[in-house]
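What follows is each chain in one-letter form.
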Number of protein chains: 2
Amino acid sequence: MTYCVGLLLTRGMVLLSDTRTNAGLDNISTYRKMFTFEDPGERVIVVLTAGSLSVTQTTMARLTEAIESPEATPETSIMQAATMLKVAEIIGDTLAVTRAEIDDKLAAGQASATASMIVAGQRRGGTMRMFLIYPEGNFIEATEDTPFLQIGEHKYGKPILDRVVTPETSLEEAQKAVLLSMDSTLRSNLSVGMPLDLAVIEADTMRITSRRRIEAGDAGFAAMSQAWSQALRDAFSGISL
Amino acid sequence: MTYCVGLLLTRGMVLLSDTRTNAGLDNISTYRKMFTFEDPGERVIVVLTAGSLSVTQTTMARLTEAIESPEATPETSIMQAATMLKVAEIIGDTLAVTRAEIDDKLAAGQASATASMIVAGQRRGGTMRMFLIYPEGNFIEATEDTPFLQIGEHKYGKPILDRVVTPETSLEEAQKAVLLSMDSTLRSNLSVGMPLDLAVIEADTMRITSRRRIEAGDAGFAAMSQAWSQALRDAFSGISL
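In short, a report on the structure.

## What about the pairing of strand 10 (residues 148-152) of chain B?
All names here are of chain B. Counting buried positions along strand 10 gives four out of five residues, so the element sits mostly inside the fold. With five bridges connecting them, strand 1 (residues 3-9) and strand 10 associate as antiparallel partners. Bridge assignment links Cys4 to a residue of strand 10, and that residue is Ile151.

See the structure below:
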């Protein structure tokens, strides 16, 4: 399983992913699920992935090949695409084709593979945009009414986001919100696991303002997690029936 | 959808269910999902149901018929069964048979029906026990390590239970915990809805100590929900990154 979340706020975008993958309960590994593409000041794109690792890895490899190809065009390379909408289309198409190919291979074994992605970015001259791309390649976009997108195991971590995130949330508060949302998910679903990848894109900078890998045992994250548990229990005690 | 939760604590059991059922998004109704059977001082049983309404209603009707039948025996009536384990077996068997019958009917339309239940109770001379009964009729039991059981849309409301419920939780705190767990679920899943049914069984009384229907717009529940939202936001503000 996986949990990835992205917030689209007035002041920027905040993205967080876990790194745990599993093929059965007895085969658990760590793989990066956050991929960043940056031409600082010109264009920044972050992709978060959930689902079958063979689908997401192949999709990301193909997107990278298309960028690096000498024949790259605005129709094939997400670093040249004219708009973020076009970026989402290229990624959606690549995902859909890859998924269909792998699904065909798996059909022999009556299995199937699926994957979804969050794509966030901004190009110079454009606005920040964030998309959730479905396994079939179609997508939806974050808006002021729904300023966050989630993929994977999204339910445990949604109540906190519903309560505290608005488009006006500061980037610092937003990082707290996604980390606490992840914390709830980590507690409830063992197939979501540390380390975590956290990225912040400040509005109109077209670069990754900060990027942080939070390892298992990170003292700051542990302290925040513990403080939140205590605060929740205190809040609970303070409520009257 | 549905959300039902039961806590098995040293001091008693607390059970909560919503009442919303839907056949598609355009056909939403209110049905009771909590069923109580009581011979005060002798035996008390509460059943919470989730899943296909045709399965749960028929199962409950058959269990009631079996109790009222002049030929009722400890093998067929949950009010005569020698132990709570036998109660769980009777309910599990009735559920499995009913589900299989309805599934056969639906197979023609390539549809299927499923349902699960929480069964909580105590008979004089026995201990309190709580079971989660699966659609196939097998079941698991709440224990000290896992003092709560959930059916239906269980994920949104689990983090709060994980954090505050232990076997030593008081019955008052327990009612708060299940109501706040339901509150998180109501906010996130529209197919879980008011009114709510709340029941408390104090240990060794073999009776329903209190029973309460909480209607939409209930002032106490709304106040608690609002206080919890505020407390969560305050707790969130108090955490440092």
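Having put the structure on the table, let's press on.
## Topic: the sheet that holds strand 10 of chain B
Residue and element names in this part refer to chain B. With respect to topology, five strands assemble into an open sheet ordered 10-1-2-11-12, the strand pairing being antiparallel. In this open sheet, the two edge strands, each paired with only one partner strand, are strand 10 and strand 12 (210-214). When the angles between neighbouring strand axes are averaged without regard to direction, this sheet yields 10 degrees. In the packing of helix 4 (residues 171-188) onto the sheet, contacts are made with strand 1, strand 2 (12-17), strand 11 (196-202) and strand 12, and the angle to strand 2 comes to roughly 20 degrees.

## Some details on the nonpolar core
One recurring pattern in soluble globular proteins is that nonpolar side chains are buried together. Judged by nonpolar contacts, the single largest core of 66 residues is most densely connected at A:Leu7, A:Trp228, B:Leu7 and B:Trp228. For B:Leu7, the residues in contact, after removing those within four places along its chain, are B:Gly12, B:Met13, B:Val14, B:Met130, B:Pro147, B:Phe148, B:Leu161, B:Val165, B:Ala174 and B:Val178.

## Observations regarding the environment of A:Ile118
Residues and elements named next belong to chain A. With respect to the helices, strands and loops of the structure, Ile118 is situated in strand 7 (residues 115-123). Taking the C-alpha atoms as reference points, Ile118 and Met130, separated by 12 residues in sequence, lie 7.1 Å from one another. What Ile118 contacts, discounting residues up to four positions off in sequence, is Cys4, Val5, Gly6, Leu15, Val46, Val47, Leu48, Met130, Phe131, Leu149, Gln150 and Ile151.

## Quick word on the relation of the copies chain B and chain A
Here chain B sits on chain A after a turn of 180 degrees about the axis and a move of 0.0 Å along it, with an RMSD of 0.0 Å. Accordingly, the operation relating the two chain copies is best matched by a two-fold axis. For chain B, the residue whose C-alpha comes nearest the rotation axis is B:Tyr156, separated from it by 2.6 Å. Same-surface contact between copies: 100% of interface residues of chain B are shared with the interface of chain A.

## Considerations on unusual backbone geometry
The residue after A:Met194, namely A:Pro195, is reached through a cis peptide bond having omega -5 degrees. Despite not being glycine, B:Gln110 shows a phi value in the positive range, around 55 degrees. Its place among the elements puts B:Gln110 in the loop between helix 2 (84-107) and strand 7 (115-123). Take B:Gln110: its relative accessible area is 78%, and that puts it in the exposed class.

## What about the packing of aromatic side chains?
Tallied over the entire structure, the rule returns three aromatic pairs over all chains. With centroids separated by 5.3 Å and ring planes inclined at 75 degrees, the aromatic side chains of A:Phe131 and A:Phe139 adopt a geometry described as edge-to-face. Among the residues examined, A:Phe131 registers a relative accessible area of 1% and is labelled buried. Here A:Phe139 falls in the partly exposed class, since its relative accessible area comes to 25%. Between A:Phe236 and B:Trp228 the ring centres are 6.5 Å apart and the planes differ by 90 degrees, which places this aromatic pair in the edge-to-face class.

## Observations concerning the interface of chain B and chain A
Contacts between chain B and chain A engage 34 residues on the former and 34 residues on the latter. For the pairing of chain B and chain A, the buried interface totals around 3,300 Å² over both sides, and the portion due to carbon and sulfur atoms is 66%. Together, B:Arg163, B:Phe236 and B:Leu241 form the three largest contributors to the area buried by chain B at its contact with chain A, with a combined 29%. The interface formed by chain B and chain A includes four salt bridges. The closest approach of N and O atoms between A:Glu153 and B:Lys155, which form a salt bridge, is 2.9 Å. Elements with a minimum of two residues in the side of chain B that touches chain A: helix 3 (158-164), helix 4 and helix 5 (219-238) of chain B. In terms of residue count, helix 4 of chain B provides more of the side of chain B that touches chain A than any other element does, 11 residues in total. Partitioned by chemical class, the residues of the side of chain B that touches chain A number 16 nonpolar, seven polar and 11 charged.

## Some words on the pattern of salt bridges
Per the stated rule, a full pass over the model turns up 28 salt bridges over all chains. Between A:Lys158 and A:Asp162 there is a salt bridge, with its nearest N and O atoms 3.1 Å apart. Of this pair, A:Lys158 and A:Asp162 both sit in helix 3 (residues 158-164), four residues apart, which is roughly one turn of the helix. In this structure, B:Asp183 engages A:Arg163 in a salt bridge whose closest nitrogen and oxygen atoms are separated by 3.0 Å. In this pair, B:Asp183 is assigned in helix 4 and A:Arg163 in helix 3, connecting two distinct chains. For B:Asp183, a relative accessible area of 5% corresponds to the buried category. Under the relative-accessibility criterion, A:Arg163 is labelled buried at 6%. Through salt bridges with shared partners, one network takes in A:Glu75, A:Lys86 and A:Glu89.

## Remarks on the environment of A:Leu161
Following the sequence through the fold, A:Leu161 ends up in helix 3. Separated by 16 residues in the primary sequence, A:Leu161 and A:Ala177 place their C-alpha atoms 6.5 Å from one another.

## Structural notes on the sheet that holds strand 6 (residues 43-51) of chain B
All names here are of chain B. Taken together, the five strands give an open sheet; going across it, the order is 5-6-7-8-9, and neighbouring strands pair in antiparallel fashion. Looking at which strands have only one partner, the edges of the open sheet turn out to be strand 5 (34-39) and strand 9 (139-141). On average, each strand axis in the sheet is inclined to that of its neighbour by 15 degrees, with strand direction left out of account. Against the sheet, helix 2 engages strand 6, strand 7, strand 8 (129-133) and strand 9, with an angle of about 160 degrees to strand 7.

## Quick word on the side chain of B:Arg163
Side-chain polar atoms of B:Arg163 contact the side chain of A:Asp183, separated by 3.0 Å. At a separation of 3.1 Å, a polar atom in the side chain of B:Arg163 contacts the side chain of A:Ser229. Dropping the residues within four chain positions of it, B:Arg163 is found in contact with A:Asp183, A:Ser184, A:Arg187, A:Trp228, A:Ser229, A:Leu232 and A:Arg233.

Rules and cut-offs
- Residues numbered from 1 in each chain as written.
- Chains lettered and ligands numbered in written order.
- Predicted model: local features only at pLDDT ≥ 70, side-chain atom pairs only at ≥ 80, totals over all residues.
- Heavy atoms only, no water.
- Buried < 20%, exposed > 50% of the residue type's maximum accessible area, 1.4 Å probe, protein only.
- Helix = DSSP H or I, 4+ residues; strand = E, 2+ residues; numbered from the N terminus.
- Pairing = 2+ DSSP bridges.
- Axes fitted to C-alpha atoms, helices over the stretch in contact; angles between N-to-C directions.
- Contact = heavy atoms within 4.5 Å.
- Core = buried A, V, L, I, M, F, W, Y, C linked by side-chain atoms within 4.5 Å.
- Least-squares fit on C-alpha atoms with pLDDT ≥ 70 in both.
- Phe/Tyr/Trp six-rings, centres within 6.5 Å; stacked < 30°, edge-to-face > 60°.
- Buried area = accessible area lost by both parts, 1.4 Å probe.
- Salt bridge = Lys/Arg side-chain N within 4 Å of Asp/Glu carboxyl O.
- Nonpolar A, V, L, I, M, F, W, Y, C, P; charged D, E, K, R; others polar.
- Polar contact = N/O pair within 3.5 Å; in protein donor to acceptor, adjacent residues only side chain to side chain.

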